[in-house]
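Spelled out from the first residue to the last, the chains are:
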Amino acid sequence: MIDYRSDTVTKPTPGMLAFMQSAPVGDDVFGEDPSINSLERISAAKFGMEAGLFCPSGTMTNQLAIKTHTQAGDEIICDELSHIYQYEGGGIAFNSGCSVKLLHGDRGRITAEHILAGINPEDVHKPITRLVSLENTSNRGGGACYNFSHFEAIKQLTDTHGLALHLDGARIFNAIVHKKEASVEYGKIFDSISICLSKGLGAPVGSVLVGSNDFIKKARRWRKVFGGGMRQAGYLAAAGIYALEHHVERLAVDHENAKILSSVLVKKGFVNDLLEVETNIVIASIGGKYSAASFVAALKEKGVLAIAMTPTQVRFVFHLDITETDLAKTIDVINTL
Ligand SMILES: *Cc1c(COP(=O)(O)O)cnc(C)c1O
């Protein structure tokens, strides 16, 4: 099976496994795991931040950021497609007791103007707007990236209004590689960033939250409360270190391959429309002889796995374990349909 369902399906490479096995470990709740300490330091430095916090999942790093930035009763502003709203089980309400102001952006991206209109006035009826959360790249937006100048405009606005600014950077390296950005610049814009090590980078587990020393100290306390304090998890952190060293630059290959697949799909009669490919995600609108579900079923019969995101949209995600040969086979399959 050639698996495009998600960039989370990758398996550790032999090199990664060997590196994991040789990792020095200790009890991280005592702050004594050298591999976790080093992953946290490396991640923070990459983004021009003071400190990092290793967690099992991107959901946990996002939820910890929200918990740390807010108090119960506050309101968060984000795009309606955001992972923090769509795919974290209502955690904003459950973990932090906050409400959400959803904005209608462009493929998951919102602008300073949108946000300004969403900030509540000083009024006893209204929840207090406390946090703005952005997502780069946008998952539901089909891997769309922000232009950095939009971040700068948003930062100016959140500073003016005293709001915290969080980035869900589960696929931030896809954006950085695509836009040829300097990762340290992100630290000048955001108060906190969550990054994923298991999205296309090949690590089996892991996400890091980065921010100021004070912010991460508070988040570390909440991580314990959330049940995320781990012990000799340095074996997992080592996979993350290896991924950051070896699997970031190659994301450009995924982006190229995604473009090639989209150029094949666009020619098919049953593809009505395609979101323009920016990074590693291809989203096609299916019509004619197939529904999204029947197209996915036809692909599966021929050894290709994709996901029906909606009744009409199918998503393919490129990652470390999709080779050029896999892509060639996939194109052959699609051309028989
Ligand atoms: C995958 C993902 C996350 C984190 O999800 P986990 O499965 O909890 O690691 C967060 N944000 C976005 C945009 C994602 O795609």
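Cut-offs applied
- Residues numbered from 1 in each chain as written.
- Predicted model: local features only at pLDDT ≥ 70, side-chain atom pairs only at ≥ 80, totals over all residues.
- Heavy atoms only, no water.
- Helix = DSSP H or I, 4+ residues; strand = E, 2+ residues; numbered from the N terminus.
- Domains from an automatic or database assignment.
- Contact = heavy atoms within 4.5 Å.
- Buried area = accessible area lost by both parts, 1.4 Å probe.
- Salt bridge = Lys/Arg side-chain N within 4 Å of Asp/Glu carboxyl O.
- Buried < 20%, exposed > 50% of the residue type's maximum accessible area, 1.4 Å probe, protein only.
- Pairing = 2+ DSSP bridges.

**Focus on unusual backbone geometry**
Cis geometry marks the peptide bond from N136 to T137; its omega dihedral reads -5 degrees. Turning to its location among the elements, T137 is positioned in the loop between strand 5 (128–135) and helix 7 (148–160). Unlike most non-glycine residues, R107 shows phi in positive territory, near 50 degrees. Structurally, the position occupied by R107 is in the loop between strand 4 (99–103) and helix 6 (112–118).

**Here we look at the domain arrangement of the protein**
According to the domain assignment, the protein contains domain 1 (14–246) and domain 2 (250–336). Distance from the C-alpha centre of domain 1 to the C-alpha centre of domain 2: 28 Å. Contacts between the two partners involve 20 residues from domain 1 and, on the opposite side, 16 residues from domain 2. Ranking the residues of domain 1 by area buried against domain 2 places R107, N174 and G200 at the top, with a combined share of 32%. Run the count over domain 1 and domain 2 and you get 1 salt bridge. The partner of E278 in a salt bridge is R109, and the shortest N-O contact between them spans 3.2 Å. Top element by residues in the side of domain 1 that touches domain 2 is helix 8 (residues 172–179). It accounts for 4 residues.

**Observations concerning the pairing of strand 10 (residues 281–286)**
Counting buried positions over the 6 residues of strand 10 gives 6, a clear majority of the element. As defined by bridge partners, strand 9 (residues 271–274) adjoins strand 10 across 3 bridges and the pair is classed as antiparallel. Following the sheet pairing, V271 is matched in strand 10 by I286.

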